[in-house]
Amino acid sequence: GDIRAIGSGNIGATNVLRTGSKKLAIATLLLDAAKGGIVVAIGSYYFGQDIGWLAGLGAFLGHLFLIWLKFKGGKGVATSLGILFAIDVTVGAATTATWLATALLFKYSSLAALISLALAPLFGFFFIGIQALKFIAILSVISWIRHGDNIARLIKGQESKINLSKYTA
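Participant: Describe in detail the overall build of the protein chain, supporting the description with residues and values.
Facilitator: Within the protein chain, the regular secondary structure consists of eight helices and zero strands. Mapped in sequence order, the helices and strands of the protein chain form the string α-α-α-α-α-α-α-α. Here the protein chain has a C-alpha radius of gyration of 15 Å; the compact-globule value for 169 residues is 15 Å, and the two agree. With the C-alpha coordinates aligned to their principal axes, the bounding extent of the protein chain is approximately 45 × 35 × 30 Å. Here the protein chain holds 169 residues, and 43% of them are scored as buried. Partitioning the intrachain contacts of the protein chain with sequence separation of at least 6 by distance along the chain shows that 56% fall at a separation of at least 24. For the protein chain, the computed accessible surface area is about 9200 Å², with 69% contributed by carbon and sulfur atoms.

Structure representation (structure tokens):
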């Protein structure tokens, strides 16, 4: 079926998990992350860091504004993580660890995304420098804007929690 007709209507891994399949959700997460990471790695290898990062931004924006879905795509969390891992494994790992810790503690995927992406520019600055802070801040701000509805639901106490026990493998 159409993933946009289920749950939040989003095409990301969290909504795919709502279909009941952990395997499909993991596949979605990994493929979305790979989409961002691969273009950064290839672009950086052949054309230098700046072009690699620009290619990552292109993949990120392409994920958010899919032409064939009338410019309605995901929120860019997994794609951002792939980009961050390709930029620097430590930055990607720190951001992912923040997401995991927040998700385990509070049980909200959106809150975990918001907190981890808010800290990602700081991780970039600490491990790489000011250029990384600026670039990662762009990803973070855009993703935060895409999470506007989630932020409103979190404030109202209406956001759906993660409940892995009710899903199949």
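Once the structure has been displayed, the description carries forward.
Participant: With reference to specific residues and values, describe a nonpolar patch on the surface.
Facilitator: A surface patch of nonpolar side chains, about 850 Å² in accessible area, is lined by Ile38, Ile42, Tyr45, Tyr46, Phe47, Ile51 and Leu54. Those elements that provide at least two residues to the nonpolar patch are helix 2 (22-47) and helix 3 (49-64). Of all the elements, helix 2 adds the most residues to the nonpolar patch, at five residues. Since its relative accessible area comes to 46%, Ile42 is described here as partly exposed.

Participant: Explain the layout of surface pockets to me, and be specific about the residues and the numbers.
Facilitator: In this structure, the largest pocket occupies an estimated 960 Å³ of space. Contributing to the lining of the largest pocket are 39 residues, with Ala13, Thr14, Leu29, Trp99 and Ser109 lying nearest its centre. Looking at the lining of the largest pocket, the elements that each hand over two or more residues are helix 1 (13-17), helix 2, helix 4 (77-87), helix 5 (89-106), helix 6 (109-127) and helix 8 (148-156). Per-element accounting of the lining of the largest pocket gives the leading share, seven residues, to helix 2. Residues belonging to the lining of the largest pocket are distributed by class as follows: 18 nonpolar, 14 polar and seven charged.

Participant: Hey, could you go over the packing of helix 5 against helix 6 for me, with residue numbers and the actual values?
Facilitator: When two helices pack together, their arrangement is given by the angle between the helix axes and the distance between those axes. At a minimum axis separation of 8 Å, helix 5 and helix 6 run at an interaxial angle of 150 degrees. With respect to helix 6, the axis of helix 5 lies roughly antiparallel. Every pair of crossing elements has a handedness; the one defined by helix 5 and helix 6 is right-handed. Contact with helix 5, carried on its side by Thr90, Val91, Ala94, Thr95, Thr98, Trp99, Thr102, Ala103 and Phe106, involves Ser109, Leu111, Ala112, Ala113, Ile115, Ser116, Leu119, Ala120, Phe123, Gly124 and Phe127 of helix 6 and no other residues of that element. Of the residues that constitute the contact of helix 5 with helix 6, the class distribution is 13 nonpolar, seven polar and no charged.

What counts and what doesn't
- Residues numbered from 1 in each chain as written.
- Predicted model: local features only at pLDDT ≥ 70, side-chain atom pairs only at ≥ 80, totals over all residues.
- Heavy atoms only, no water.
- Helix = DSSP H or I, 4+ residues; strand = E, 2+ residues; numbered from the N terminus.
- Rg over C-alpha atoms; globule rule 2.2 N^0.38 Å.
- Buried < 20%, exposed > 50% of the residue type's maximum accessible area, 1.4 Å probe, protein only.
- Contact = heavy atoms within 4.5 Å.
- Areas by Shrake-Rupley, 256 points an atom, 1.4 Å probe, with all protein chains shown as cover.
- Patch = residues over 30% accessible without salt bridge, like charges linked within 9 Å, V, L, I, M, F, W, Y side chains within 5 Å.
- Salt bridge = Lys/Arg side-chain N within 4 Å of Asp/Glu carboxyl O.
- 1 Å grid on protein atoms, 1.4 Å probe; cavity = no way out; pocket = protein on both sides within 12 Å on 5 of 7 lines; lining within 4 Å.
- Points joined across faces, edges and corners; volume = space filled by probe spheres on them.
- Nonpolar A, V, L, I, M, F, W, Y, C, P; charged D, E, K, R; others polar.
- Axes fitted to C-alpha atoms, helices over the stretch in contact; angles between N-to-C directions.
- Parallel < 35°, antiparallel > 145°, perpendicular 65-115°, else oblique.
- Left-handed = near helix turned anticlockwise from the far one by under 90°.

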